[in-house]
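Analysis of the macromolecular model
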Amino acid sequence: MEFHIGQHWIVNLFGLNVHMDTLITLWITMAIIIFFALLAVGNIKLIPSKLQAVFENIVTIFLSLTKDMGSEGKKHTPILIALFLFIITGNLIGQLPWKLLNFFPFIKATEGEFASPTNDINVTAALAIIVLIYYIVSGVRLKGIGYFKHYFQPVWFMTPFNMLEDVVRPLTLALRLFANILAGEILIMVLGGLIASLISPEAISVFCQNTLGGILPSSWVYNITLFLGSLLPLPIMFFEIFVAFIQALVFTLLTSAYISGAVAKH
Amino acid sequence: MDLSVLKFIAMGLAIGFGVVGPGIGLGLATKAIIESIARQPEVEGQISKYFYIGAGLIEACAIYALLVVILIGFVLK
């Protein structure tokens, strides 16, 4: 059984090495979000349609998250909603049957697989750096240069640790999301190929002759076993849908905690 | 010993020791939420969301160990 972990379909665009599979799924994610958002707000009514009600609920939930950010807290809602919608859509489209694209010869699926855009560390690192820049900038805009006083906050020799915090926060944000999604993909891949790698037509024909006494055709038993084996990753796939939601929520909640820590009055 | 054999030993040890801490943590978190729901069954809806978020954070620690295993096994030469 061959593993392709962390391999991508690299295309050279304008002198840059681009992960084409990640780029395509990223654009699909963006297209889904923009399409549904436009569909929801294109025809705003006082009595909302179903889609508009869903979006209004999302906005209400994230408005309640920003309550503890002071009177100016409301303006941090858009980035939280954008991060949440982007991450959850990106996580969920990894569960679509992208393997069917292997039938097209021009897509070099052997060099990398189409999956969630968030299973590429570059995407999650970019999101984490956006969060880092956003909370520092929002702190500086509120408090001016006094924002950097918190580095010396309890006593002066805590400064290196306080500065380390700004490195550790985006690092863990990026790694947590990336590794959770990648681990799910690996688990599905391993379980999906497990039965196929364990059995062979010869072993099945020996089994049919000796144990079953030749009452069933061996190719029939082989195909049934392969089919049942391909059902093995199903529970993990359902769990991955749950993980996709939880990780998007964790990323967003940690972002809101960092922002409210940066804009809090001391 | 051959280097690839050592690599497999390192992968096994890394994931084996790596999941001990998150396992204990998840056990403590589950114990706490079951105790509090048994004491006050009406708060289940309010506190279970915090449990899921905390479980996601704890689980990430085990997944860091998995990340190290992947690094040892497939990325570092």
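Our structure's up above, just so we're on the same page.
Quick notes on the rules
Residues numbered from 1 in each chain as written. Chains lettered and ligands numbered in written order. Predicted model: local features only at pLDDT ≥ 70, side-chain atom pairs only at ≥ 80, totals over all residues. Heavy atoms only, no water. Helix = DSSP H or I, 4+ residues; strand = E, 2+ residues; numbered from the N terminus. Buried < 20%, exposed > 50% of the residue type's maximum accessible area, 1.4 Å probe, protein only. Lys, Arg positive; Asp, Glu negative; His and termini not counted. Salt bridge = Lys/Arg side-chain N within 4 Å of Asp/Glu carboxyl O. Contact = heavy atoms within 4.5 Å. Buried area = accessible area lost by both parts, 1.4 Å probe. Polar contact = N/O pair within 3.5 Å; in protein donor to acceptor, adjacent residues only side chain to side chain. Nonpolar A, V, L, I, M, F, W, Y, C, P; charged D, E, K, R; others polar. Phe/Tyr/Trp six-rings, centres within 6.5 Å; stacked < 30°, edge-to-face > 60°. Pairing = 2+ DSSP bridges. Patch = residues over 30% accessible without salt bridge, like charges linked within 9 Å, V, L, I, M, F, W, Y side chains within 5 Å. Areas by Shrake-Rupley, 256 points an atom, 1.4 Å probe, with all protein chains shown as cover. Core = buried A, V, L, I, M, F, W, Y, C linked by side-chain atoms within 4.5 Å. 1 Å grid on protein atoms, 1.4 Å probe; cavity = no way out; pocket = protein on both sides within 12 Å on 5 of 7 lines; lining within 4 Å. Points joined across faces, edges and corners; volume = space filled by probe spheres on them.

This brings us to the side chain of R176 of chain A. Secondary-structure assignment places R176 of chain A in helix α5 (residues 159–198). There is no salt bridge for the buried R176 of chain A, and the closest opposite charge comes from E59 of chain B, which lies 8.9 Å off by N-O distance. Filtering out sequence-adjacent residues up to four positions away, R176 of chain A remains in contact with Q247, V250 and L254 of chain A together with L57, A60 and Y64 of chain B.

A word on the interface of chain B and chain A. Taken together, the contact pairs twelve residues of chain B with 19 residues of chain A. Contact with chain A buries area across many residues of chain B, yet I53, Y64 and L67 of chain B alone supply 35% of it, more than any other trio. Our count for the contact surface shared by chain B and chain A stands at zero salt bridges. For the interface between chain B and chain A, the tally reads zero residue pairs in polar contact (both at pLDDT 80 or more). For the side of chain B that touches chain A, the class distribution of residues is ten nonpolar, one polar and one charged.

Below, the discussion takes up the packing of aromatic side chains. Applying the stated rule across the entire model yields ten aromatic pairs over all chains. Measuring from centroid to centroid gives 6.2 Å for F239 of chain A and F242 of chain A, while their planes differ by 40 degrees, and the two rings are tilted. Of the two residues, F239 of chain A and F242 of chain A are both situated in helix α8 (residues 234–263); the distance of three residues between them amounts to about one turn of the helix. Here the aromatic cluster, defined as three or more aromatic residues joined through ring pairs, consists of F239 and F242 of chain A together with F51 and Y52 of chain B.

Before going further, it helps to spend a moment on the pairing of strand β2 (residues 16–19) of chain A. All names here are of chain A. Bridge count between strand β1 (residues 10–13) and β2: four bridges; the pairing is antiparallel. If you follow V11 over to β2, its bridge partner there is V18. Remark: two residues form the turn of the hairpin made by β1 and β2, two consecutive strands paired antiparallel; F14 in that turn has positive phi of roughly 50 degrees.

Residues and elements named next belong to chain A. Taken together, the side chains of L92, I215, L216, W220, I224, F227, L228, L231, L234, M237, F238 and I241 make up a nonpolar region of the molecular surface, amounting to roughly 1200 Å² of accessible area. Breaking the nonpolar patch down by element, the ones donating at least two residues are α7 (218–230) and α8. Secondary-structure assignment places L231 in the loop between α7 and α8.

With that out of the way, let us pick up the pattern of salt bridges. Across all of its chains, the model carries two salt bridges over all chains by this definition. With its nearest N and O atoms 3.9 Å apart, the salt bridge here joins E165 of chain A to R169 of chain A. Of this pair, E165 of chain A and R169 of chain A both sit in helix α5, four residues apart, roughly one helical turn. In this structure E165 of chain A comes out as partly exposed when scored by relative accessible area, which is 36%. Of the charged contacts in the structure, one is a salt bridge between K31 of chain B and E35 of chain B, with a shortest N-O distance of 3.7 Å. Pair noted here: K31 of chain B and E35 of chain B are both in helix α2 (residues 20–39), with a separation of four residues, about one helical turn. Among the residues examined, K31 of chain B registers a relative accessible area of 47% and is labelled partly exposed.

Within soluble globular proteins, side chains that are nonpolar generally end up buried alongside one another. Formed by 36 residues in total, the largest nonpolar core has its most connected members in I87, L127, V131, Y135, L173 and F251 of chain A. Listing elements by their share of this core, those giving two or more residues are α1 (20–41), α2 (50–65), α3 (77–92), α4 (121–143), α5 and α8 of chain A. For Y135 of chain A, the residues in contact, after removing those within four places along its chain, are Y147, D166, R169, Y258, I259 and A262 of chain A. In terms of nonpolar packing, the next biggest core, distinct from the first, is built from eight residues, F178, L182 and A183 of chain A together with I63 of chain B among them.

All right, on to empty space enclosed by the protein then. Residues and elements named next belong to chain A. Inspection of the entire model under this criterion finds two cavities of 30 Å³ or more. Estimated volume of the largest cavity: approximately 40 Å³. Lining the largest cavity are N91, Q95, S116, I181, G184, E185, E240 and A244. For the lining of the largest cavity, the secondary-structure elements that each account for two or more residues are α5 and α8. Examining the composition of the lining of the largest cavity, we find that three residues originate from one element, α5, more than from any other. In the lining of the largest cavity, the residues fall into two nonpolar, four polar and two charged. Roughly 30 Å³ of volume is contained in the second largest cavity. In terms of lining residues, the second largest cavity is bounded by L173, R176, L177, Q247, V250 and F251. If you list the elements that add at least two residues to the lining of the second largest cavity, you get α5 and α8. Among the residues forming the lining of the second largest cavity, the class breakdown is four nonpolar, one polar and one charged.

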